[in-house]
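In case you want the letters, here they are:
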Amino acid sequence: VQLVESGGGLVQPGGSLRLSCEASGFTFSSYLMSWYRQAPGKERELVAAIFNAGGITNYADSVKGRFTISRDNAKNTVYLQMNSLKPEDTAVYYCKAWSGVTRVYWGQGTQVTVSS
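Residues numbered from 1 in each chain as written. Predicted model: local features only at pLDDT ≥ 70, side-chain atom pairs only at ≥ 80, totals over all residues. Heavy atoms only, no water.

1. Topic: the pairing of strand β5 (residues 45-50)
Our working rule: DSSP calls a pair of strands paired once it identifies at least 2 bridges connecting them. By the criteria applied, helices consist of DSSP H or I runs no shorter than four residues and strands consist of E runs no shorter than two, each listed in order from the N terminus.
The pairing of strand β4 (residues 32-38) with β5 spans five bridges and is antiparallel. Its bridge partner being in β5, Tyr 36 is matched across the sheet by Leu 46. Here β5 runs beside strand β6 (residues 57-59); their pairing, made up of three bridges, is antiparallel. Bridge pairing links Ala 49 to Asn 58 in β6.

So, in structure tokens, the structure goes:
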């Protein structure tokens, strides 16, 4: 099982980034996919989640209206489009796959830094 995130980097406040998470080794379309983030000294927090068929999404209040989660089950990939980025969005962003208590997988994380 692998989850490989990409797309992180350094961006100025107000800018945009698109994160990708490519999955392999499991039936991607059967899993709830989500993005979490962890800033230095803080707990890991849920950013956004998308259900199997992609029709239902959920967002943290802090990113509503700025971030959009989507998935392409044909490509085994989940995306996070991040717009209007703020310095407080700086964190390591992790991709997570979930299909029950014993079927939970995490990616290695990708750093997002928002700074001028």
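There's more to say after this.
2. Brief notes about the side chain of Arg 37
Under the convention used in this document: Pairs of N or O atoms are called polar contacts if they sit within 3.5 Å, as long as, within protein, a hydrogen donor faces a hydrogen acceptor (for residues adjacent in sequence, only side-chain-to-side-chain pairs). Between two residues, a contact is recorded if the distance between any of their heavy atoms is within 4.5 Å.
Structurally, Arg 37 can be placed in strand β4. In terms of polar contacts, Arg 37 uses its side chain to reach the side chain of Glu 45, at 2.7 Å. At 2.9 Å, the side chain of Arg 37 forms a polar contact with the side chain of Asp 89. With near-sequence residues (within four places) excluded, Arg 37 lies in contact with Glu 43, Arg 44, Glu 45, Val 47, Ser 62, Val 63, Phe 67, Glu 88, Asp 89, Ala 91, Val 92 and Tyr 93.

3. Brief notes about the state of the cysteines
Operational definition: We call a pair of cysteine sulfur atoms a disulfide when they lie within 2.5 Å. Each residue gets one of three labels from its accessible area relative to the maximum for its type: buried under 20%, exposed over 50%, partly exposed in between, using a 1.4 Å probe on protein chains only.
Evaluated as defined, the whole model comprises one disulfide. The disulfide bridge from Cys 21 ends at Cys 95, spanning 2.1 Å between sulfur atoms. Since a negative S-S torsion denotes a left-handed disulfide, the Cys 21-Cys 95 link at about -80° is left-handed. Linking Cys 21 in strand β3 (residues 17-24) with Cys 95 in strand β9 (residues 91-98), this pair joins segments that are 74 residues apart in sequence. In this structure, Cys 21 and Cys 95 share a single accessibility class: buried.

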